[in-house]
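# Examining the three-dimensional arrangement
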Amino acid sequence: MENNFLDEISEIMINDFWHLVGHKSELKDNHSFIKLKLNIKEIVIFNDNGTLVAFDNLCPHRGARILSGKNGISPITCPYHSWTYTNGELKIPSKKKFTDCDIDSADINKLDIDFCGDFIFAGFKPKMSLKEQLSGLKSTLEGISHDISERLDFNSYKFDSIFPVAIENALESEHVPTVHKNSLSGLKLQDGEYSFFGKNSAWHTAVGNEKIDKNLRKVLENFDISSQYPGYRNYLIFPFAMLSSTYGYSYSLQNFHPGKNDKTYFSNRFFSSKVKENSDFMDFFFEESVKINRQIFREDAEVCSRVPSESWSLEAPKYSRGIDDRIKEYRKTCKLILKGDK
Amino acid sequence: MDKDKILKIVADTIEVESVSESLELHEDMWDSLAIIVFIAALNKEFGLVLNPEKISSAKTVQDLIDIVAQG
């Protein structure tokens, strides 16, 4: 690719910022884990007998990757020489034989971990507190996190485009009628309003399809949620996460992580919101929503693959309109980061 | 079960004035959202909790009436 500065931006974003890696409901069971790739690095969050731990998935012994798979339940045992992390301790086979080193100081390479409500954030060396990074979005995210019930889908693959192209696609709605003509466009989303919170941003808009909008309102009483918004909204949780929802009945958490060879490591997780007693029939709605969500992101991946890395730059788009404000702001932020302004 | 009430709930769900038993339920009007709205309304009106898969298999309003009658 021509724009080598992207590697530099990726490195800074990966190392210096907090990353939204999941929701506590995903890690309720002992040994449950989530693994996300960020370029050549990985972040693993796992449940160590009730304590959530973040690490880089590398064994401190020979540097082998410990966990494979994107999520699941597994002890933190290296398949190479069986070094195992459990109950806050690294168990080393034949430990007494390691006489020429300070074996007692050996530990997995833990990453910083913090929480916004039930959302889990991790960072390699974040340069600011999570509170500072989330800015005015913190209380909104806390509220949303408490409305979430459980993860119903974890879907991941590579976008054949660089991550800023994938993120900018998620930041604008102009493509919806053409790219998502058989999926998201059915909601007839309106222009709505944009707001900015530090490096994060939000889009709130009404559902223009009156029939759908009325029906969405009718089922509100079946939900046990407090952070409801009567329409569609999405948030850029800088640097790599997007969170979107219609009416707060479910949430889609997308991670657009830098990948090797101009790819984006994409994952989408679908979370249902809490429903009231005797509203289990909502599962049917959630199952259908999962299918539509998958379709929407496949459509996004397809269209993003048409945008070569050379088409992206740090400058504001030459031709833009009001609804591109978030893209302008995103590029401005990337430029500032490259200049060393965190 | 009051058939007229069921017809009214179907009509409200698909946002029309009234429906007849012979009305065919096409995908564009009888999607997953409409199905759960219908079930939620029945639950509120009659205290019934119906299976969404059964409701989605209905081809006509009469099918819905039959499914509701079976409980």
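Residues numbered from 1 in each chain as written. Chains lettered and ligands numbered in written order. Predicted model: local features only at pLDDT ≥ 70, side-chain atom pairs only at ≥ 80, totals over all residues.

### Overview of the overall build of chain A
Within chain A, the secondary structure is distributed over eight helices and 17 strands. A compact globule built from 342 residues would reach a C-alpha radius of gyration of about 20 Å, and chain A, at 21 Å, matches this within 12%. Dimensions of chain A, computed from C-alpha atoms along their principal axes, come out at roughly 70 × 55 × 35 Å. The contacts of chain A with a sequence gap of at least 6 include a subset with a gap of at least 24, amounting to 63%. (Helix = DSSP H or I, 4+ residues; strand = E, 2+ residues; numbered from the N terminus. Rg over C-alpha atoms; globule rule 2.2 N^0.38 Å. Contact = placed C-beta atoms within 7 Å.)

### Observations concerning the domain arrangement of chain A
By convention, interface size is frequently given as the accessible area that disappears when the constituent parts associate. Residues and elements named next belong to chain A. Domain parsing of chain A yields domain 1 (1-14 + 135-342) and domain 2 (18-126). The gap between the C-alpha centroids of domain 1 and domain 2 is 28 Å. Between domain 1 and domain 2, the contact holds 24 residues from the first and 17 residues from the second. Of all the secondary structure elements, the ones that give two or more residues to the side of domain 1 that touches domain 2 are α1 (5-16), α3 (138-147), β11 (148-159), β16 (250-258) and β17 (264-273). Top element by residues in the side of domain 1 that touches domain 2 is β11. It accounts for six residues. In terms of residue class, the side of domain 1 that touches domain 2 is built from ten nonpolar, nine polar and five charged. (Domains from an automatic or database assignment. Nonpolar A, V, L, I, M, F, W, Y, C, P; charged D, E, K, R; others polar.)

### Notes on the packing of helix α1 (residues 3-13) of chain B against helix α2 (residues 32-46) of chain B
Residue and element names in this part refer to chain B. One can describe the packing of α1 onto α2 by two numbers: an axis separation of 9 Å at closest approach and a directional angle of 145°. For α1 against α2, the interelement crossing comes out right-handed. Residues Lys5, Ile9, Val10, Asp12 and Thr13 of α1 lie in contact with α2, whose contacting residues are Ala34, Val37, Phe38, Ala41, Leu42 and Glu45. When the residues that make up the contact of α1 with α2 are grouped by side-chain class, the tally is seven nonpolar, one polar and three charged. (Axes fitted to C-alpha atoms, helices over the stretch in contact; angles between N-to-C directions. Left-handed = near helix turned anticlockwise from the far one by under 90°.)

### A look at the nonpolar core
A:Val21, A:Ile43, A:Ile45, A:Phe121 and A:Ala166 are the most contacted members of the largest nonpolar core, which has 72 residues in total. Composition of this core by domain shows at least three residues from each of domain 1 (1-14 + 135-342) and domain 2 (18-126) of chain A. Setting aside chain neighbours within four positions, we find A:Ala166 in contact with A:Phe159, A:Ser161, A:Phe256, A:Thr264, A:Phe266 and A:Cys304. Counting 38 residues, the second largest nonpolar core, distinct from the first, contains A:Leu184, A:Phe285, B:Val19 and B:Ile55. (Core = buried A, V, L, I, M, F, W, Y, C linked by C-beta atoms within 7 Å. Buried ≥ 20, exposed ≤ 12 C-beta atoms within 10 Å, placed from the backbone.)

### As for the pairing of strand β4 (residues 51-55) of chain A
Residues and elements named next belong to chain A. Where strand β3 (residues 41-48) lies against β4, five bridges are found, and the strand directions are antiparallel. In the sheet register, isoleucine 45 faces β4, and the bridge partner there is alanine 54. In this antiparallel pair of consecutive strands, β3 and β4, the connection spans two residues, and asparagine 49 shows a positive phi of 50°. (Pairing = 2+ DSSP bridges.)

### Remarks on the interface of chain A and chain B
Listed per partner, the contact involves 14 residues of chain A and twelve residues of chain B. Of all the secondary-structure elements, those providing two or more residues to the side of chain A that touches chain B are α6 (210-218) and α7 (282-304) of chain A. For the side of chain A that touches chain B, the element with the most residues is α6(A), which contributes six residues. For the side of chain A that touches chain B, a count of residues per class yields seven nonpolar, three polar and four charged.

### Remarks on α3(A)
Along α3(A), the positions that sit buried rather than exposed are A:Thr140, A:Leu141, A:Ile144, A:Ser145 and A:Asp147. Buried residues of α3(A), seen end-on, are gathered within an arc of 155° and therefore sit on one face of the element. (Arc of directions from axis to C-beta.)

### Section: unusual backbone geometry
What is expected of a backbone is that most residues other than glycine have negative phi and most peptide bonds are trans. Residue and element names in this part refer to chain A. Residues phenylalanine 238 and proline 239 are joined by a peptide bond in cis, for which omega reads 10°. Looking at where proline 239 falls in the secondary structure, it is placed in the loop between β14 (232-237) and β15 (241-246). Even without being glycine, asparagine 87 reaches a positive phi, approximately 50°. Tracing the backbone through its elements, the reader meets asparagine 87 in the loop between β7 (84-86) and β8 (89-91). A residue is classified by how many C-beta atoms lie within 10 Å of it, and asparagine 87, with 10 of them, is exposed. With a phi close to 60°, aspartate 262 is a non-glycine residue in the positive phi region. Considering the arrangement of structural elements, one finds aspartate 262 in the loop between β16 and β17. Given 18 C-beta atoms within a 10 Å radius, aspartate 262 is considered partly exposed.

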